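Okay, here's what each chain looks like letter by letter:
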Amino acid sequence: MQKKLTFLLCLMLAGNASFAAEEFFYCGYSNLDGSAQDYAKFGKGTDFKFNKSKNRWEWNTKYTYQYIYPNGQYEQIARVGIFDNQHGVCNAEMEAIYKRKRAEIMKKIGK
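Everything quoted here is computed from the prediction, not taken from an experiment.

**Student:** Looking at this structure, I do not really get the overall build of the chain. What am I missing?
**Tutor:** Scanning the chain from N- to C-terminus turns up two helices and seven strands. For the chain, the α and β elements follow one another from N to C terminus as α-β-β-β-β-β-β-β-α. Looking at the chain as a whole, 23% of its 111 residues are labelled buried. For the chain, restricting intrachain contacts to residue pairs at least 6 apart in sequence, the fraction spanning at least 24 positions comes to 28%. Entry remark: accessible area of the chain is about 8100 Å², with carbon and sulfur atoms responsible for 57%.

**Student:** Help me understand the nonpolar core in this model?
**Tutor:** One recurring pattern in soluble globular proteins is that nonpolar side chains are buried together. Phe 25, Cys 27, Tyr 29, Ala 40, Phe 42, Phe 48, Ile 68, Tyr 74 and Cys 90 together form the largest nonpolar core, which totals nine residues. When residues of this core are traced back to their parent elements, those giving at least two are strand E1 (24-31) and strand E2 (38-43). Broken down by element, this core gets its largest block of residues, three residues, from E1. Ignoring any residue separated from it by four or fewer positions in sequence, one finds Phe 42 in contact with Glu 23, Phe 24, Phe 25, Cys 27, Tyr 29, Asp 47, Phe 48, Trp 59, Gln 66 and Tyr 74.

**Student:** Looking at this structure, how should I read the side chain of Glu 58?
**Tutor:** With respect to the element layout, Glu 58 can be found in strand E4 (residues 56-60). Classification of Glu 58 by relative accessible area gives buried; the value is 13%. A polar contact is formed between the side chain of Glu 58 and the side chain of Asn 51, at a distance of 3.2 Å. If sequence neighbours within four positions are ignored, Glu 58 has contacts with Asp 47, Phe 48, Lys 49, Asn 51, Gln 66 and Tyr 67.

**Student:** Please explain the packing of aromatic side chains as it appears in this structure.
**Tutor:** For any pair of aromatic rings, the description consists of the separation of the ring centres together with the inter-plane angle of the planes. Applying the stated criterion across every chain, the model contains twelve aromatic pairs. Centre to centre, the rings of Phe 50 and Trp 57 are 5.4 Å apart; their planes meet at 65°, and the pair counts as edge-to-face. Owing to a relative accessible area of 22%, Trp 57 belongs among the partly exposed residues under this scheme. By way of ring pairs, the aromatic residues Phe 25, Tyr 29, Phe 42, Phe 48, Phe 50, Trp 57, Trp 59 and Tyr 74 are connected into one cluster. Lys 44 extends its terminal NZ or CZ atom over the ring of Phe 25, reaching a point 4.7 Å from the ring centre. The aromatic ring of Tyr 67 is capped on one face by Arg 56, whose charged end is 3.8 Å from the ring centroid.

**Student:** What is the right way to look at the pattern of salt bridges in this model?
**Tutor:** A side chain with one charge can pair with a side chain of the opposite charge if their charged atoms come near. Counted under the stated rule, the structure contains three salt bridges. Note that Arg 56 is salt-bridged to Glu 58, the shortest N-O span being 2.6 Å. Residue Arg 100 is joined to Glu 104 by a salt bridge in which the shortest nitrogen-to-oxygen separation is 3.5 Å. Of this pair, Arg 100 and Glu 104 both sit in helix H2 (residues 92-108), four residues apart, which is roughly one turn of that helix. On the accessibility criterion, Arg 100 (43% relative accessible area) is partly exposed. For Glu 104, a relative accessible area of 40% corresponds to the partly exposed category.

What counts, and at which threshold
- Residues numbered from 1 in each chain as written.
- Predicted model: local features only at pLDDT ≥ 70, side-chain atom pairs only at ≥ 80, totals over all residues.
- Heavy atoms only, no water.
- Helix = DSSP H or I, 4+ residues; strand = E, 2+ residues; numbered from the N terminus.
- Buried < 20%, exposed > 50% of the residue type's maximum accessible area, 1.4 Å probe, protein only.
- Contact = heavy atoms within 4.5 Å.
- Areas by Shrake-Rupley, 256 points an atom, 1.4 Å probe, with all protein chains shown as cover.
- Core = buried A, V, L, I, M, F, W, Y, C linked by side-chain atoms within 4.5 Å.
- Polar contact = N/O pair within 3.5 Å; in protein donor to acceptor, adjacent residues only side chain to side chain.
- Phe/Tyr/Trp six-rings, centres within 6.5 Å; stacked < 30°, edge-to-face > 60°.
- Lys NZ or Arg CZ within 6 Å of the ring centre and 35° of its normal.
- Salt bridge = Lys/Arg side-chain N within 4 Å of Asp/Glu carboxyl O.

Dropping the structure here:
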């Protein structure tokens, strides 16, 4: 019985560690013509909310509709003319690029 409880506790802790590591989406994206490439960190449950009926994460504002699909595809559909439609991907590679670029910026500004 004790081994079973210890095993269940380990599974629960592993699950929590996995969830903590996945609190954010790290995405790289650009305009449809390939211009204006950028990287971002988006919150799961804060910025993006999961829409179960459409099986995707969504962030809808008065300016854009933004979607992240289970395969990591990112899509932005502009609602107003000052924004562009964009596409990209969210994955671990984008996380590494985002963190590297952020560190470079922080170094430049002395933080």
